[in-house]
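Examination of the molecular architecture
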Amino acid sequence: MVFHAFMPFIKLPAPWNYIMVSGALFGGMCLVLAHLTGALGSALDVPLAAACLLLCTTAGSIAVGIPFPWISAPLVAAGGLSLYYDSRSLREYAIFVLGVLATAGWFVHHHFWFLDIRVGFLHLHSMCQLAIAALLPAVVVPGLLLAGAGRQWVGVLMLVQSELLCVLEEQMYGAHHHEEPGSEVMYPSYLVITTTVAGIAACQALDRLWAMPRWATWVVSTLYVAKLSMLVLPEAYLVLPTAVLLLAAGSPLYLYKQPEGGRRRVRLKPWQGAVHVLVTVTSVALARFAVFDVVQWAMLGRPHEGVLLGALLVVMAAALAPLVTTCYAHNQVTVGANTAEWMMLYG
């Protein structure tokens, strides 16, 4: 599977490519298993494991054709990771992060930088820069978690990564639908679903561990859910308006969340309710073209203006439903009781 998917990036001829790649993969898997089982540090010395990690990194670097001046970058990353495993110091982890970023920079520059093409609305150079920027939180957050750093930094980094993933995936997934039928799919839909599920699961796990602030869990999870809208109509680029609409509609659920088993009524001041309504209506207005695109796609043609207006009103009502059910549910009961009493007296 590895050779079928990554053969264009493996530069060594056979049989050395199989030997080097297999040795790097199996060596790395053995180190991971030793860490997970607790054997690393007890049955297996850390210096010996560090030497094995350096050998695996060297084999993989040679297999992918990293030149001699750049081979120090992955070795520095491996050395920084082994030092961090022994000392738990953020200084050693910073060395690992720099080595990973330098290696990723060489990889995208060597394989993609010479191409003068556009992917969606972005040039490939911009895509490469965004990909490296999205890699940074992925390698920094584990070190911050193990070091017990501030939860706010973890939340900010997770938010930045989710935003970058939304931009990258929407451009790569939507680019295929602008080309001629039968063209090769650049980014399949199952990858969109996989990254969405993994992102939401990571947010929920960090929230349960109290390693991520609640606001970040809500915003990041909402962005990952909004990312699924690209599967409905890729050429319309619905992720941004969907995210704005979901954030505005779900804000009462986040701000006025009831405790477990709690029955305390949420009482908003009139200006607070007016602000929520204004924000929701504004988000629907900003997402109106996305709503029009979905309605036109569903009706297989250009709908009447009345249908579009009705669709906007339906979306607005659905977006205001969380506010009503969370903050004004008791008002509905009161109004219903007064209406029933009036009907019994005068009906």
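Residues numbered from 1 in each chain as written. Predicted model: local features only at pLDDT ≥ 70, side-chain atom pairs only at ≥ 80, totals over all residues. Heavy atoms only, no water.

**Some points on the side chain of S251**
The test is simple: Labels follow the DSSP assignment, with helices taken as runs of H or I lasting at least four residues and strands as runs of E lasting at least two, numbered in each case from the N terminus. Burial here depends on accessible area, computed with a 1.4 Å probe over protein chains only, as a share of the maximum for the residue type. Under 20% is buried, over 50% is exposed, and the range in between is partly exposed. Throughout, a contact is declared for two residues whenever any of their heavy atoms are within 4.5 Å.
Of note, S251 is situated in helix 10 (residues 239-255). With a relative accessible area of 11%, S251 lands in the buried category. Leave out the neighbours within four places in its chain, and S251 touches W218 and H276.

**Some points on the packing of helix 6 (residues 124-147) against helix 7 (residues 151-175)**
Rule in force here: The axes are straight lines fitted to the C-alpha atoms, using for helices just the contacting stretch, and the angles between their N-to-C directions are given from 0 to 180°. Roughly parallel refers to an angle under 35 degrees, roughly antiparallel to one over 145, roughly perpendicular to one between 65 and 115, and oblique to any angle outside these ranges. For a crossing to be left-handed, the near helix must be turned anticlockwise from the far one by less than a right angle; the clockwise case is right-handed. Charged means Asp, Glu, Lys or Arg here, nonpolar means Ala, Val, Leu, Ile, Met, Phe, Trp, Tyr, Cys or Pro, and polar covers whatever is left, Gly included.
One can describe the packing of helix 6 onto helix 7 by two numbers: an axis separation of 9 Å at closest approach and a directional angle of 150 degrees. What the angle tells us is that helix 6 and helix 7 run roughly antiparallel. The handedness of the crossing between helix 6 and helix 7 comes out as left-handed. From helix 6, M127, L130, A131, A133, A134, P137, A138, V140, V141, L144 and L145 reach across to helix 7, where they touch W153, V154, L157, M158, Q161, L164, V167, L168, Q171 and M172. For the contact of helix 6 with helix 7, the residue count by class is 19 nonpolar, two polar and no charged.

**A word on the packing of aromatic side chains**
To keep it simple, the criterion reads: Note on ring pairs: Phe, Tyr and Trp rings are taken, using the six-membered ring of Trp, and paired if centres are within 6.5 Å. Classes follow the plane angle, with under 30 degrees stacked, over 60 edge-to-face and the rest tilted. The criterion for a charge sitting over a ring is simple: Lys NZ or Arg CZ within 6 Å of the ring centre, and within 35 degrees of the ring normal.
Considering all chains together, one arrives at six aromatic pairs under this definition. Look at F289 and F292: their rings are 6.2 Å apart centre to centre, the planes differ by 90 degrees, and that puts the pair in the edge-to-face class. Within this pair, F289 and its partner F292 are both found in helix 12 (residues 288-299), separated by three residues, close to a single helical turn. By the ring-pair criterion, three or more aromatic residues cluster together here, those being Y84, Y93 and F96. The ring of Y85 carries R88 above its face, with NZ or CZ at 5.1 Å from the centroid. The ring of W210 carries R151 above its face, with NZ or CZ at 4.3 Å from the centroid.

**Quick word on unusual backbone geometry**
Leaving glycine out, the prevailing phi sign among residues is negative, and the prevailing peptide bond configuration is trans. A positive phi angle, close to 60 degrees, is found at R88, a residue other than glycine. Of note, R88 is situated in the loop between helix 4 (72-87) and helix 5 (90-111). Taking relative accessible area as the criterion, R88 reaches 43% and is therefore assigned partly exposed. At Y237, a residue that is not glycine, the phi angle is positive and equals roughly 55 degrees. Among the secondary structure elements, Y237 is positioned in the loop between helix 9 (214-227) and helix 10. When its relative accessible area of 15% is taken as the criterion, Y237 is described as buried.

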